[in-house]
Every structure is written in C-alpha cells, then in structure tokens.
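So you can see what is in the structure, the chains are spelled out below.
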Amino acid sequence: MPPTPQEDPDSAVITTDKLSKSFSVGGAQQHVLRNLDLEITAGSFTVVMGPSGAGKSTLLYALSGLDRPTLGTVRLDGTDLTALGEDALARFRRGHCGFVFQQVHLLDSLTVLENLLVVGLLVSRDRGALADRARSLLERVNLPERDWTKVPTMLSGGEAQRVAIARALMNRPAVVFADEPTGQLGSEQSAAVLDLLSDVHADGQTIVMVTHDVRSAARAERVLYLRDGHVSHECSLSGRTDQRTQALTSFLTEMGW
C-alpha cells in the first residue's frame, strides 16, 4: 500500500518563521541557523545542500521536531511544534514524521517484520491491520518474503536501508525526513534506494532530504542551498526529465561548491 498522499498538493506542509538555532561552544554562542523563513509544499521532494557545517542536519532535526530551535517557530502539518511539550512532541513525531538516517537504526533483536510492527504499535493497537500494513510495505520496497523473518544483521546495507524506508512509512507520515540515506552504500545500492524514494515521492509522499551527493540531490524537485545559517539560493528541478544532474552541477558550481 503506498503512503497516503496529502489532500491538497499545493498547501504548505512545513513552514518556519524566523527559525534560529545556536549552541554554546567554549562559552561563546555559535549561530547555526539565523532567522530562517521557509515553506515546503505537501507532496514535494526537497533536498538541503550546503558546505560542511552549514547546519543542514540541524535544520532537518528542527523541522522534524527532533531538536528545538532557539528562537522562531516550526509548523508541521498544521501544528506548531515549538508549542508542544516533550511528551506531546514525541507523540506527534510518531504519527506525522518518518525518519531515514545514514545509520539504519534497526533493532537487531527483532526480525525485519517486527521492526515495522513495533513502530506501528506506538500509534495503534490493531495488530491485524498493522501486520497487513507491514507486509504491504515490505513488498513495496521489494524485500522478498523469505527475508522478513531475518534479523537486520543478516541483510546487506542496501536491503537494511530499504527496510528503514518501509519503517519510516509505517504510520503514514506527513513527511519523510532523510539524512544522508545513501551515505554508507555503494553506487548500485544507492541507486536502488534512490529509485525507491523517487517512487514513494511519485505516490504523493513529501520528502525532505539532506545529502552531499549530487546524483542523490538530482532526484529532488527543489534544492535549497544553505549557507551562513539561511537559505542563500535554491535550484528548481521540477519538470525536468533529463540533464537534471548537469543542471544541479551548474547551480552548485555557481554557489562555489
């Protein structure tokens, strides 16, 4: 079963207002994000790029509620994340956010199927429906049924990342957040994972991804270039059917990439 598309494809699923994040380093304040105003459309595929230390992962964590901004607000699927307490924020993430990281973070003590079920049980007690959903998603990511009872350590890196994507979709999230999802994969495995993310997006799923890889970023409709704590420029790849990588490479060259 594909993820549930957003009802209004032209609406904003994420908005930020003067989003700022700073850290205390050696007694001095380091400003990572500065008064960042951003809007991400439902059903879009957005990539965040920028030089090392630009705050890409910090932005991803702030947008998803994994980290709180120092100042400003983040609204996700109509909810102001900065107004929620810790428990309410955790509950919100379970039902509205899916996460795919460079490290898959699957539980090695559980089977592949159980890794999906344990996520579903955080928001529902209908075990029958959850089992159907998990099986459907594992079929969706092209993992053979013979592998569903394996533990994650028995899978290849590419297979484990496909399971992680299925897990991210388990609770029908408003947004899937991906942080360098192909960072530890070879070229063939990376291509398979990116093909899957592209297919998931084509089904209507909103994706926000951080990556350093140009070929990965070229799968997106919109590339935001983060520098000095704010989005300095952006590149639209929407509507392009070819030469996407070339267009993005030219844009990044202009940015001094």
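For the structure, see preceding data.
Computed from a predicted model, the values in this text were never measured in an experiment.

(A) Focus on the sheet that holds strand S2 (residues 28–41). Ordered in space as S2-S1-S4-S5, the 4 strands form an open sheet in which the pairing is antiparallel. Of all the strands in the sheet, just S2 and strand S5 (79–80) have a single pairing partner and so form its edges. The sheet contact formed by strand S4 (residues 71–76) and S5 spans 2 bridges and is antiparallel. Among the inter-strand pairings, Arg75 is bridged to a residue of S5, identified as Asp80. Taken strand by strand, helix H1 (residues 56–64) contacts strand S1 (12–25), S2 and S4, and its axis lies near 125° from that of S1.

(B) Quick look at the side chain of Arg167. Following the sequence through the fold, Arg167 ends up in helix H5 (residues 157–169). Although Arg167 lies buried, it forms no salt bridge, and the closest oppositely charged side chain, Asp108, sits 9.1 Å away as judged by the N-O distance. Within the structure, the side chain of Arg167 is placed 2.6 Å from the backbone oxygen of Val104, a separation counted as a polar contact.

(C) Structural view of the pattern of salt bridges. Summed over the entire model, instances satisfying the criterion amount to 8 salt bridges. Lys18 is the partner of Asp17 in a salt bridge, and the nearest nitrogen-oxygen pair spans 3.9 Å. Among the residues examined, Lys18 registers a relative accessible area of 48% and is labelled partly exposed. A salt bridge links Arg219 to Asp195, with the shortest nitrogen-to-oxygen separation between them at 2.9 Å. Placement of the pair is Arg219 in the loop between helix H7 (214–217) and strand S9 (222–227) and Asp195 in helix H6 (residues 187–202), with a sequence separation of 24 residues. On the basis of relative accessibility, which here comes to 26%, the residue Arg219 falls in the partly exposed class. Note on Asp195: relative accessible area 39%, which makes it partly exposed.

What counts, and where the lines are drawn
Position numbers for residues start from 1 in each chain and track the written sequence from start to end. In keeping with the predicted nature of the model, local features appear solely for residues at pLDDT of at least 70, side-chain atom pairs appear and are counted solely at 80 or more, and the whole-chain, interface and lining totals rest on all residues. Each side-chain value is derived from all of the structure's non-hydrogen atoms; neither hydrogens nor water enter the calculation. What makes two strands pair is DSSP finding at least two bridges between them. In this description a helix means any DSSP run of H or I spanning at least four residues, a strand means any run of E spanning at least two, and both kinds are numbered starting from the N terminus. Here, two residues are considered to be in contact whenever any of their heavy atoms come within 4.5 Å of each other. Where helices are involved, their axes are fitted lines through C-alpha atoms of the stretch in contact, as for all axes, and angles between N-to-C directions lie from 0 to 180°. The rule is simple: take the accessible area with a 1.4 Å probe, protein chains only, and divide by the maximum for that residue type; under 20% is buried, over 50% is exposed, in between is partly exposed. Residues scored as positive are Lys and Arg, those scored as negative are Asp and Glu, and His as well as the terminal groups of each chain are ignored. By definition, a salt bridge exists where a carboxyl oxygen of Asp or Glu is found within 4 Å of a side-chain nitrogen of Lys or Arg. Counting of polar contacts relies on pairs of N or O atoms within 3.5 Å, with two restrictions inside protein: one atom must be capable of donating a hydrogen and the other of accepting it, and residues adjacent in sequence are counted only when both atoms are side-chain atoms.

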